[in-house]
Amino acid sequence: KKKIFANKKPSFSIQKYIIDLPLQYILRRIVGIRGFWKRGLSAVWGNPKLVTDTDALRFQWPSIGLGWERGLLMFTRAMTSSSRNDGMDDDSSLLK
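Residues numbered from 1 in each chain as written. Predicted model: local features only at pLDDT ≥ 70, side-chain atom pairs only at ≥ 80, totals over all residues. Heavy atoms only, no water.

### Observations regarding the overall build of the protein chain
A tally of regular secondary structure across the protein chain gives five helices and zero strands. Each helix and strand of the protein chain, ordered N terminal to C terminal, gives the series α-α-α-α-α. Burial analysis of the protein chain (96 residues in total) assigns 11% to the buried set. A sequence separation of at least 24 residues applies to 45% of the contacts in the protein chain between residues at least 6 apart. Accessible surface, the protein chain: about 8,800 Å² in total, of which carbon and sulfur atoms supply 62%. (Helix = DSSP H or I, 4+ residues; strand = E, 2+ residues; numbered from the N terminus. Buried < 20%, exposed > 50% of the residue type's maximum accessible area, 1.4 Å probe, protein only. Contact = heavy atoms within 4.5 Å. Areas by Shrake-Rupley, 256 points an atom, 1.4 Å probe, with all protein chains shown as cover.)

### A word on helix α4 (residues 68-81)
Relative to the 20 Å expected for 14 residues at 1.5 Å per residue, α4 spans 20 Å between its end C-alpha atoms, a close match to the ideal helical length. Taken together, the buried positions of α4 are occupied by Trp68, Glu69 and Leu73. An end-on view of α4 places all buried positions within 140 degrees of arc, on one side of the element. More than 90 degrees from the buried face of α4, the exposed residues found are Phe75 and Ser81. Among the structural elements, α1 (14-31) are those in contact with the buried residues of α4. (Expected span 1.5 Å × (residues − 1). Arc of directions from axis to C-beta.)

### Thoughts on the pattern of salt bridges
Applying the stated criterion to the full structure yields four salt bridges. Of the charged contacts, one joins Asp53 and Lys38 as a salt bridge, the two residues approaching to 3.0 Å between their closest N and O atoms. Here the residue Asp53 occupies a position in helix α3 (residues 53-60), and Lys38 occupies one in helix α2 (residues 36-44), the gap between them amounting to 15 residues. Owing to a relative accessible area of 57%, Asp53 belongs among the exposed residues under this scheme. Between Asp55 and Arg58 there is a salt bridge, and its shortest N-O distance comes to 2.7 Å. One end of the pair is Asp55 and the other is Arg58, both in helix α3 and three residues apart, which spans about a single turn. (Salt bridge = Lys/Arg side-chain N within 4 Å of Asp/Glu carboxyl O.)

Written out as structure tokens, the structure is:
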């Protein structure tokens, strides 16, 4: 099996076992609840009555892939831990 991050050394991480694995399990369980996507989309859709089963299915498809929950946690962690002083402009400064 080919590893994506070949130069990254595997390590025992408390964060992985205490935080990440339980959160991944919770995410899989929540997303697997019948009607989850339709209820969620109805809450944010302009007109909740217009949300169809097809709309919900389109949003559900990415969660069928293996490891999506790990990717979501990694993305969230990267976004929350990125330094504001890295010399790069973020969206808020670009929109001023």
